[in-house]
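Fold and contact review
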Amino acid sequence: MQNNTDFKSVLVVMTFAVSAVSMPVLALDDVSDFNHSVYTKAFIALDTDNSHSLSKAEAQKDKLFLKHFSEADKNHDASLDEQEYTDFKSKDDQKNVKRIANDSVITSKVKANLLKEEGLKSLSVSVTTYKGEVQLSGFVDTEDQIKQAGKVAADIEGVKSVKNSVLLKK
Ligand SMILES: [Ca+2]
Ligand SMILES: [Ca+2]
């Protein structure tokens, strides 16, 4: 049984790897099976005393539960069963996927708008975004260009704050 599941996971992983090139659309059932077995394996790995539930200490081997243990423990029995664990992990994964997508949209927009600015387009200012916080870095010729770059970033929708680390060339 376990072998069979493992084999299926491997198959799904392989399918993912080549799907962009030639495979037909993957059936949704396979994907949720795949996720399910990933979470099950992680749950088993954390459950070191094989009690089929995670004590706080067991769960907190995963950093996520240092902060969110009680939030994940829906029935407040001070342990996570597999359902509680899986529900919380999958929600968290979805959030991360969304955050990464949002952050990369912001990064592209900032980059595009920097290129549109007359005084900035020939300069290389790098842009990174994490949770809506944009970090600018690089070297420019004038103080005005530093301010201009900061303003361009701050004006983008979804930007929560700008850390402007752009420096003057010396
Ligand atoms: Ca346990
Ligand atoms: Ca619980």
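Right above here is the structure, for reference.
Every value quoted in this text rests on a predicted model; they were computed, and no experiment measured them. (Residues numbered from 1 in each chain as written. Chains lettered and ligands numbered in written order. Predicted model: local features only at pLDDT ≥ 70, side-chain atom pairs only at ≥ 80, totals over all residues.)

1. Description of the overall build of the chain
The number of helices and strands found in the chain is six helices and five strands. Ordering the α and β elements of the chain from the N terminus gives α-α-β-α-α-β-α-β-β-α-β. Within the chain, buried positions represent 19% of all 170 residues. Considering only intrachain contacts with a sequence separation of at least 6, the fraction spanning at least 24 residues in the chain is 53%. (Helix = DSSP H or I, 4+ residues; strand = E, 2+ residues; numbered from the N terminus. Buried ≥ 20, exposed ≤ 12 C-beta atoms within 10 Å, placed from the backbone. Contact = placed C-beta atoms within 7 Å.)

2. Considerations on unusual backbone geometry
A positive phi is found at N50, a non-glycine position, where the angle reads about 50 degrees. Relative to the helices and strands, N50 resides in the loop between α2 (28–46) and β1 (53–55). Judged by C-beta crowding, with 7 C-beta atoms within 10 Å, N50 ranks as exposed. The residue A78 is not glycine, and still its phi comes out positive at about 65 degrees.

3. Regarding the nonpolar core
Grouped burial of nonpolar side chains is what soluble globular proteins tend to show. Counting residues in hydrophobic clusters, the biggest one holds 16 residues, and the most contacted among them are V110, V125, V134, L136, A149 and A153. Going through the elements one at a time, α5 (82–116), β3 (125–130), β4 (133–140), α6 (143–154) and β5 (161–168) are the ones with two or more residues in this core. Of all the elements, α6 adds the most residues to this core, at four residues. When near neighbours in sequence (up to four residues on either side) are disregarded, L136 contacts V125, V127, A149, G150, A153, V162, N164, S165 and V166. Counting residues in hydrophobic clusters, the runner-up holds nine residues, among them F43, A72, L80 and Y85. (Core = buried A, V, L, I, M, F, W, Y, C linked by C-beta atoms within 7 Å.)

4. A short note on the sheet that holds β5
The three strands are arranged β3-β4-β5 in an open sheet whose pairing can be described as mixed. The open sheet has two free edges, formed respectively by β3 and β5, since each of these has just one partner strand. Taking the axes of each pair of neighbouring strands and ignoring which way they run, one obtains an average angle of 10 degrees across the sheet. One ladder, built from six bridges, connects β3 with β4; its direction is antiparallel. What sits directly across from S126, in β4, is S137. Here α5 sits on the sheet and contacts β3 and β4; the angle it forms with β3, its principal contact strand, is near 155 degrees. Across the sheet, α6 is in contact with β3, β4 and β5; its angle to β5 comes to roughly 160 degrees. (Pairing = 2+ DSSP bridges. Axes fitted to C-alpha atoms, helices over the stretch in contact; angles between N-to-C directions.)

5. Looking at the environment of D92
Inspection of the secondary structure assignment puts D92 in helix α5. Spatially, the C-alpha atom of D92 lies 8.8 Å from that of L64, the residues being 28 residues apart in sequence.

6. A few points about the pairing of β4
Where β3 folds back on β4, the antiparallel hairpin that results is connected by two residues, among which K131 adopts a positive phi of roughly 50 degrees. Crossover connection from β4 via α6 to parallel β5: handedness right-handed. (Right-handed = clockwise from strand over helix to strand, strands pointing away.)

7. Details of the environment of L54
Mapped onto the elements of the fold, L54 is located in strand β1. For L54, a count of 26 C-beta atoms within 10 Å gives the class buried. Each C-alpha atom, one on L54 and one on A78, is 8.7 Å from the other, the two residues being 24 residues apart in sequence. If we ignore the near neighbours within four places in the chain, the residues touching L54 are L46, D47, A59, S79, L80 and Y85.

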